[in-house]
Amino acid sequence: MATASDAAEGSWAQRPPLPARALSAGFDQLVRRGLRGVWVRGQLPAGGCIWAANHHSWWDGFLASAVLGRLHRRAALLMDGDNLGDYRFLAPVGVIPVDRPRRALQALRQGRVLVIYPEAELRPAGPLGELAPGAAWLARRAPAPVLPVAVRVVARGHQYPEALIDIGPACPPDRLRAELADRLAGLDAALAAGDPREPVPGFVRLIAGRPSWDERIDRWSRLARRGR
């Protein structure tokens, strides 16, 4: 028999509570004001899945939240318990301590996107580090597909940094490190080969951020010419 708590949990899973919506909106604004934009390649499957990404930037968690919000997907994020103690206010947006695997499994079974950084620490931008086994363990236990997600936040040919997120197709859990390393290397190669003032081919801008000073000047000039 369903209980009142079961009904409340089902309602919560369908619509985020007000504190979660407020925090998510704040993260979206942070990304929009701090970056020139966010470009994405790839798609998420329906239902619960694991967003397994490299962790080479301060922006990573905020980017995941903002992107998933724009895609109308509920997020959950695994965070080290020591760090979470200082950021308890993040609990409404689905932050889960790494020592609570049952809560992570529950989030996946509710259809949420579980964001995990299997390098287990913030690392310098560069090649992928060694991966902890947590993502593979969760993928098998839920069960849920695990997606290799390559992320770069880079200063290119404009005033503000740009974020690029390459979402790969689901891969076998034991192939995660190889697939994520290949995807990250491919993203780095595309950034190195492309025109720094043009979008990277194959990526679509999902979130518009702050234009460069010269872009704003060009926009004002076009408007002035139209007004003549």
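Remember, predicted model here, so these are calculated numbers, not experimental data. (Residues numbered from 1 in each chain as written. Predicted model: local features only at pLDDT ≥ 70, side-chain atom pairs only at ≥ 80, totals over all residues. Heavy atoms only, no water.)

## Examining the layout of surface pockets
If you add up the space inside the second largest pocket, you get close to 200 Å³. Taken together, Arg36, Arg197, Arg205, Ala208, Gly209, Arg210, Pro211, Asp214, Glu215, Asp218, Arg219 and Arg222 make up the lining of the second largest pocket. With 5 residues, helix 8 (residues 213-226) is the single largest residue contributor to the lining of the second largest pocket. Class assignment of the residues belonging to the lining of the second largest pocket gives a composition of 2 nonpolar, 1 polar and 9 charged. (1 Å grid on protein atoms, 1.4 Å probe; cavity = no way out; pocket = protein on both sides within 12 Å on 5 of 7 lines; lining within 4 Å. Points joined across faces, edges and corners; volume = space filled by probe spheres on them. Helix = DSSP H or I, 4+ residues; strand = E, 2+ residues; numbered from the N terminus. Nonpolar A, V, L, I, M, F, W, Y, C, P; charged D, E, K, R; others polar.)

## Points about the packing of aromatic side chains
Taken as a whole and assessed by the stated rule, the structure comprises 3 aromatic pairs. Measuring from ring centre to ring centre gives 5.2 Å for Phe27 and Phe62, while their planes differ by 75°; the resulting arrangement is edge-to-face. In this pair, Phe27 is assigned in helix 2 (residues 18-34) and Phe62 in helix 3 (residues 60-70), connecting sequence segments 35 residues apart. Given a relative accessible area of 21%, Phe62 falls into the partly exposed group. Judged by centre distance (4.9 Å) and plane angle (40°), the ring pair of Trp58 and Phe62 falls under tilted. Among the aromatic residues, those joined into a cluster by ring pairs are Phe27, Trp58, Trp59 and Phe62. (Phe/Tyr/Trp six-rings, centres within 6.5 Å; stacked < 30°, edge-to-face > 60°. Buried < 20%, exposed > 50% of the residue type's maximum accessible area, 1.4 Å probe, protein only.)

## Re the packing of helix 5 (residues 101-109) against helix 6 (residues 134-141)
At a closest axis distance of 10 Å, the pairing of helix 5 and helix 6 adopts a crossing angle of 55°. Considered as vectors, helix 5 and helix 6 are oriented oblique to each other. For helix 5 against helix 6, the interelement crossing comes out right-handed. Side by side, helix 5 and helix 6 meet where Pro101, Ala104, Leu105, Leu108 and Arg109 of the first sit next to Trp137, Leu138 and Arg141 of the second. For the contact of helix 5 with helix 6, the class distribution of residues is 6 nonpolar, no polar and 2 charged. (Axes fitted to C-alpha atoms, helices over the stretch in contact; angles between N-to-C directions. Parallel < 35°, antiparallel > 145°, perpendicular 65-115°, else oblique. Left-handed = near helix turned anticlockwise from the far one by under 90°. Contact = heavy atoms within 4.5 Å.)

## As for empty space enclosed by the protein
Evaluated as defined, the whole model comprises 1 cavity of 30 Å³ or more. For the largest cavity, the calculated volume is near 40 Å³. Lining the largest cavity, in full, are Trp51, Ala53, Asn54, Asp60, Leu63, Ala64, Tyr117, Val151 and Ile165. Counting residues per element, the ones that place at least two in the lining of the largest cavity are strand 2 (49-53) and helix 3. It is helix 3 that provides the largest number of residues to the lining of the largest cavity, a total of 3 residues. A per-class count over the lining of the largest cavity returns 7 nonpolar, 1 polar and 1 charged.

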